[in-house]
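Inside the fold
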Amino acid sequence: MMRRREFITLLSGAAAAWPLAARAQQQAKVARIGYLGLGPASATSSRVEALRAGLRDLGWVEGKNIVIEFRWADGVQQLPELAAELVRMNVDVIFAPTSTMVEPARQATKTIPIVFSNHADPIGSGHVASLPRPGGNITGLTDQTSDIDTKAMEMLKEVVPQATRIGVLWNPTTPSQVPGLQAVKTAGERLALTLHIVPAAAADDFDAAFASMARENVGGVFVVPAPVTITQRARLAELALKHRLPAMFGSKENVEAGGLMSYAADRIDLARRAALYIDKILKGANPAGLPVEQASKFQLVINLKTAKALGLEIPPTLLARADEVIE
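Residues numbered from 1 in each chain as written. Predicted model: local features only at pLDDT ≥ 70, side-chain atom pairs only at ≥ 80, totals over all residues. Heavy atoms only, no water.

1. A few points about the packing of helix H7 (residues 206-215) against helix H9 (residues 233-242)
Between H7 and H9, whose axes approach to 10 Å, the crossing angle comes to 25 degrees. Here H9 runs roughly parallel to H7, going by the angle between their axes. The handedness of the crossing between H7 and H9 is right-handed. Facing Phe206, Asp207 and Phe210 of H7, the residues of H9 in contact are Arg235, Leu236, Leu239 and Ala240. Here the contact of H7 with H9 is built from residues that sort into 5 nonpolar, no polar and 2 charged. (Axes fitted to C-alpha atoms, helices over the stretch in contact; angles between N-to-C directions. Helix = DSSP H or I, 4+ residues; strand = E, 2+ residues; numbered from the N terminus. Parallel < 35°, antiparallel > 145°, perpendicular 65-115°, else oblique. Left-handed = near helix turned anticlockwise from the far one by under 90°. Contact = heavy atoms within 4.5 Å. Nonpolar A, V, L, I, M, F, W, Y, C, P; charged D, E, K, R; others polar.)

Shown next, in the form of structure tokens:
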């Protein structure tokens, strides 16, 4: 029979071990992040790596304490199904970079936190109640596209000062572009420009859209940013050059692919900063009380090689303001 003193010693040792076991179990818990993207994955690889780097800086290491479940849609019609799949997996948080991905994620869940990194207009699209208090399960960072479209239109006008008609390429499947178009129209009116607004929901629509703008004798093209305009950036640059249309884009990647110019928020920076939201949520924060942050870094990028091919001379004052010039 076990003596009383031995029993008490054994019991005390076991009691001391329980907190240690509990802590070890907590430390061993692996968080799961659902990444809802619009493919191909290679088109936004730099932004994915920025998010990963931000998470690593905060102590989240893939394969150790987090797993990122990537789901890439071939088209917007697949996004609802992939969002529902992430919900069924009961991930801890869904990362949906733009309004295009946020909307199907919002429809799939009202409880799992959703974080965005470069939403153009979270209030106008109804995804948050306000920037200081989002009020639901959705929060993140906004790139303020609707606000900076006016400046971008002004820059395009500087490049083609004689133009009176400008083509506007927009994507009706991007929720934030509905309110964003109003900002573009307002900018056009202020600059005394006639806008020829052409929808393009998918890459297959680009050829007809550019042909339509060419028939209308537009002097330039304003491309409202959307996931498809990023993934199909090489095709857009090719079409703009084919129709000899100076184009203003909403993403640096478009200019790197041969587009003329872009003015936009630094989306690499935004993707990295989104890791802070994921970190706070995984540590117990309620997304309803996490204020939406606005972009703080903006970039004007100009491709002089494309300008030369179009026979354009970029005003020296605009070149002096550029953050990056591609030659």
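2. A short note on the layout of surface pockets
Size it by volume and the largest pocket reaches roughly 240 Å³. Surrounding the largest pocket, 18 residues form its lining, Asp74, Gly75, Ala201, Ala202 and Val228 being those nearest its centre. The element contributing the most residues to the lining of the largest pocket is helix H8 (residues 227-231), with 3 residues. Counted by class, the lining of the largest pocket contains 7 nonpolar, 9 polar and 2 charged residues. (1 Å grid on protein atoms, 1.4 Å probe; cavity = no way out; pocket = protein on both sides within 12 Å on 5 of 7 lines; lining within 4 Å. Points joined across faces, edges and corners; volume = space filled by probe spheres on them.)

3. Some thoughts on the sheet that holds strand S4 (residues 114-119)
Taken in spatial order, the 6 strands line up as S2-S1-S3-S4-S5-S11 in an open sheet, and their pairing is parallel. The two strands at the open ends of the sheet, each matched to only one other strand, are strand S2 (66-73) and strand S11 (293-294). Examined bridge by bridge, strand S5 (residues 138-142) and S11 share 2 bridges and lie parallel to one another. Along S11, the bridge assignment pairs Thr142 with Gln294. (Pairing = 2+ DSSP bridges.)

Keep in mind that these numbers describe shape and distance, not what the molecule does.
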